[in-house]
Amino acid sequence: MSFIVSKFKCKGITFFSLLHVTHYSSRFSTAAVASIEPKIPPDLSSCIVQDKDLLLKSLNPSGTGLHVLDLVDEGSLEPHPTLYHLLLKKCTFLRKPKLGKIVHAHISNSHFRGDVVILNTLLNMYAKCGCLDDACNLFDEMSVKDMVTWTTLITAYSQHDRPLDALLLFPQMLSLGFFPNEFTLSSLLKASAALPDTPQIYFHGAQLHGFSFKCGFHSNVYVGSSLLDMYARCGCMDEAHFVFDVLPTKNEVSWNALIADHARKGQLDRALSLFLKMLRQDFQPTHFTFSSIFGACASTGSLEQGKWVHGHVIKSGGEIIAFMGNTLLHMYAKSGSIQDAKMIFDRLVKRDLVSWNSMLTAYAQHGLGKEAVQCFQKMLNIGLVPNDITFLCLLTACSRAGLLEEGQYYFKSMNRYNIEPGISHYVTIVDLLGRAGLLNEALRFINEMPIQPTAAVWGALLGACRMHKNVEMGSFAAERVFELDPHDSGPHVLLSNIYASGNRWRDAAKVRKLMKESGVKKEPACSWVEIQNTVHMFVASDDSHPQMGAIYKKWEEISARIKEIGYVPDTSHVLFYMDEQEREVKLQYHSEKLALAFALLNSPDGSTIRIKKNIRVCGDCHSAFKFVSKVVGREIIVRDTNRFHHFYDGSCSCGNFW
């Protein structure tokens, strides 16, 4: 620490004050001043400039724009580099680039206009505030640059989605004789990892790896962490682990990078294994660690693992701050526990817009439209302004709950917040109208859209036609989808299903033949259930599971019991031409039924059964599961590609509207 003497003049009297300065490293090009507290007589207190008054606006309309700079111009305060550093630091922290520009103008008219340290601080302010054009202009105007200057702009480009610009600066920097440090290389590697495709990532990243090795930075913890993240993002996990293993010194950042990379790929087992290893080696997980694992648990619907990690957060005394709380909320919602998601939302220390959007998404996933509307109204009541994502979540919730009037009202109210509907919003309205059986209105809505309808828009109409068995309009919608996205198997299967449900077997066969000729393959339906931390997967008519004999026997037993209380197999969901008996037999061995029978055999009585399916649950299985929930007295939660179904005591949370 050091002290700088600053001279003040007030009412013709000159006095001095001590400015307490915290040393700053040249690599960050910023200075921090704790306070400006001159010890002067009480009658001169108006000359004291305190930290909270640094960005006070000019008292005179003709002033510079900042009162402290007016004092400098009046001669009441002598200019000093520390003052400019402190002003710029304030502007950076509060994200006030307009005030920073006022300071910039004042510096330009002072004898500090060529001071590279001050200009680096100014460059950092523009970069952190996202004013990249201003940062670039300042960079070009600087007659003297140092390594900090180059690193600051490279980092700015890297952090603001301009990775190629960051990488292009590197050869320029080298040609002028500047030698990068670990922060420069770390930012360049992060830029390469953000490139749009894998070959580019690997090409630039591998070259930077070689350069780092030649310069001796490959074993640096910052460079190493960025290296392993770069390799993981282009799918080279072996290389990522190799970089991690050879790092002589690891920190939380390097652990987090590898855990996050496995979590991003949905590799929960690997992420959890690394998490445990991290704990055993006495590294403390951070909010980023927990957020990554919660994200992986959400993608796989792994509730028990998510609860275990949540328990570790509580035991370690961690506070559920916004971004970690949001991922935790999302994890519980995606794992089927809407009650736990709501509990986390209610306990968040601070709720931001992402928190509210996450809760709205949770309600939409579980078909709780009325709760979503209530949540939205509470958000408005506290003065939070919704964005386009908010409305997408809300409209999706209305669509999945059949809230026709509410959905139409909120769609129209987007204009009130100057939000232009995107294609996703239009898809939800088509879905909303279609589910309600208003197929003609849905078609008219599509034809009147101000933007060109996409395959997703026509797909929503096609799905509604499948639901309401409208063959003619379904054929029309399918043709539009085929034109826009000929390689998606979903619309082909839907059209085939529409024909099959109308006993138009020849047309259904033609669609299947078209799929085969075009090389379009239907994703095989599969369901999985987790028992004692082991995932068991099933496909229709599967016989590979070691317990398959017992599973078939169990389902036959359950099937007989639910038929006694009213279950009638809906053979329209068998999409092949065969006699009624064959169709009914085929129905009994759908993947979700096999998963349910297995869970009934291997889980405690009374416990909740959670099943996940990779495509939409079929109508017959949906009907059967309602009866099963009543017969066995257990809650059955099924997560498919559309939503969650909570079956309990003979009914489903979707109200048969899904």
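Residues numbered from 1 in each chain as written. Predicted model: local features only at pLDDT ≥ 70, side-chain atom pairs only at ≥ 80, totals over all residues. Heavy atoms only, no water.

**Q** Can you tell me about the overall build of the chain, naming the residues and giving the values?
**A** A tally of helices and strands in the chain yields 31 helices and nine strands. Per-residue burial for the chain yields a buried fraction of 50% across its 658 residues. For the chain, the proportion of contacts with a sequence separation of at least 24, taken over those separated by at least 6, is 60%. Split by element, the accessible area of the chain, about 31200 Å² in all, is 54% carbon and sulfur. (Helix = DSSP H or I, 4+ residues; strand = E, 2+ residues; numbered from the N terminus. Buried < 20%, exposed > 50% of the residue type's maximum accessible area, 1.4 Å probe, protein only. Contact = heavy atoms within 4.5 Å. Areas by Shrake-Rupley, 256 points an atom, 1.4 Å probe, with all protein chains shown as cover.)

**Q** Residue-level account of the side chain of His241, with values.
**A** Take His241: it is sitting in helix α11 (residues 237-246). Taking relative accessible area as the criterion, His241 reaches 16% and is therefore assigned buried. Not counting residues up to four positions away in its chain, the partners in contact with His241 are Leu258, His262, Arg270 and Leu274.

**Q** Lay out the pairing of strand β7 (residues 636-639) with the relevant residues and their values.
**A** Residue alternation in β7 divides its side chains into two sets, Ile636 and Val638 and Ile637 and Arg639, and both sets are buried. Following the backbone out of strand β6 (residues 609-613), through helix α31 (residues 619-632) and into the adjacent parallel β7, one traces a crossover that is right-handed. Sheet analysis places β7 next to strand β8 (residues 644-648), joined by four bridges and oriented antiparallel. Among the inter-strand pairings, Ile636 is bridged to a residue of β8, identified as Phe647. The turn joining β7 and β8, which pair antiparallel and follow one another in sequence, is formed by four residues. (Right-handed = clockwise from strand over helix to strand, strands pointing away. Pairing = 2+ DSSP bridges.)

**Q** Hey, could you go over the packing of aromatic side chains for me, with residue numbers and the actual values?
**A** Taken as a whole and judged by the stated rule, the model has 25 aromatic pairs. Centroid distance Phe139 to Trp150: 4.9 Å. Interplanar angle 85°. Geometry classified as edge-to-face. Placement of Phe139 in helix α5 (residues 132-141) and of Trp150 in helix α6 (residues 147-159) is noted, with a sequence separation of eleven residues between them. Accessibility classification places Phe139 together with Trp150 in one group, the buried group. Here the aromatic rings of Phe170 and Phe211 are separated by 5.2 Å at their centres, their planes lie at 85°, and the arrangement is edge-to-face. One end of the pair, Phe170, is in helix α7 (residues 163-175); the other, Phe211, is in helix α9 (residues 198-215), and 41 residues separate them in sequence. Positioned over the ring face of Phe476 is Arg480, at 4.5 Å from the centre of the ring. (Phe/Tyr/Trp six-rings, centres within 6.5 Å; stacked < 30°, edge-to-face > 60°. Lys NZ or Arg CZ within 6 Å of the ring centre and 35° of its normal.)

**Q** Give me the lowdown on the pattern of salt bridges, citing residues and values where you can.
**A** On inspection of all chains with the given rule, the structure shows twelve salt bridges. A salt bridge links Arg162 to Asp165; its shortest N-O distance comes to 2.8 Å. Given the relative accessible area of 29%, Asp165 is considered partly exposed. Across the pair Asp620 and Lys593 runs a salt bridge whose closest N-O atoms are separated by 2.5 Å. (Salt bridge = Lys/Arg side-chain N within 4 Å of Asp/Glu carboxyl O.)

**Q** I'd like to hear about the state of the cysteines, residue by residue, with values.
**A** By definition, a disulfide links the sulfur atoms of two cysteines through a covalent bond. All told, the structure shown has zero disulfides when counted by the stated rule. Cys236 forms no disulfide, and the closest cysteine sulfur to it belongs to Cys234, at a distance of 3.8 Å. By relative accessible area, which is 15% here, Cys236 ends up buried. Of the cysteine sulfurs around Cys652, a residue in no disulfide, the closest is that of Cys654, at 3.5 Å. Cys652 gets classed as buried once you look at its relative accessible area, which sits at 11%. (Disulfide = S-S within 2.5 Å.)

**Q** Account for the environment of Asn602, with residues named and values stated.
**A** For Asn602, the location among the structural elements is in helix α30 (residues 591-602). Taking relative accessible area as the criterion, Asn602 reaches 26% and is therefore assigned partly exposed. Filtering out sequence-adjacent residues up to four positions away, Asn602 remains in contact with Ile531 and Gln547. There is a polar contact of 3.4 Å between the side chain of Asn602 and the side chain of Gln547. (Polar contact = N/O pair within 3.5 Å; in protein donor to acceptor, adjacent residues only side chain to side chain.)

**Q** Could you give an account of the pairing of β8, with specific residues and numbers?
**A** Among the five residues that make up β8, four are buried, leaving the element largely enclosed by the rest of the structure. The antiparallel pairing of β8 with strand β9 (residues 651-652) creates a hairpin that spans two residues between the two strands, and Asp649 there sits at a positive phi of about 55°.

**Q** Describe the UniProt feature "repeat: PPR" (unreviewed entry) in the chain, listing the residues and the values that go with them.
**A** Here the UniProt feature "repeat: PPR" (unreviewed entry) sits at residues 115-145, 146-180, 251-285, 352-386 and 387-421. The span residues 146-180 is 74% helical and 0% strand by assignment, and the distance between its end C-alpha atoms comes to 11 Å. Helix makes up 74% of residues 352-386 and strand 0%, and the two end C-alpha atoms of the span are 11 Å apart. (UniProt positions renumbered as here; feature names shortened; annotations may be inferred.)

**Q** Give a description of the environment of His204 that names residues and reports values.
**A** Following the sequence through the fold, His204 ends up in helix α9. Remark: the alpha-carbon pair of His204 and Leu188, spanning 16 residues in sequence, is separated by 9.2 Å. Among residues more than four places away in sequence, those in contact with His204 are Leu167, Ser192 and Leu195.

**Q** Now, about the packing of helix α14 (residues 287-300) against helix α15 (residues 303-315): what can you tell me, with residues and values included?
**A** Taken N-terminus to C-terminus, the directions of α14 and α15 make an angle of 160°; their axes are 9 Å apart at the nearest point. Of the possible angle classes, the one that applies to α14 and α15 is roughly antiparallel. You can see that α14 and α15 cross each other, and the crossing is left-handed. In this structure, α14 contributes Phe290, Ile293, Phe294 and Cys297 to the contact, and α15 contributes Gln305, Gly306, Val309, His310, His312 and Val313. The residue inventory of the contact of α14 with α15, partitioned by class, reads six nonpolar, four polar and no charged. (Axes fitted to C-alpha atoms, helices over the stretch in contact; angles between N-to-C directions. Parallel < 35°, antiparallel > 145°, perpendicular 65-115°, else oblique. Left-handed = near helix turned anticlockwise from the far one by under 90°. Nonpolar A, V, L, I, M, F, W, Y, C, P; charged D, E, K, R; others polar.)

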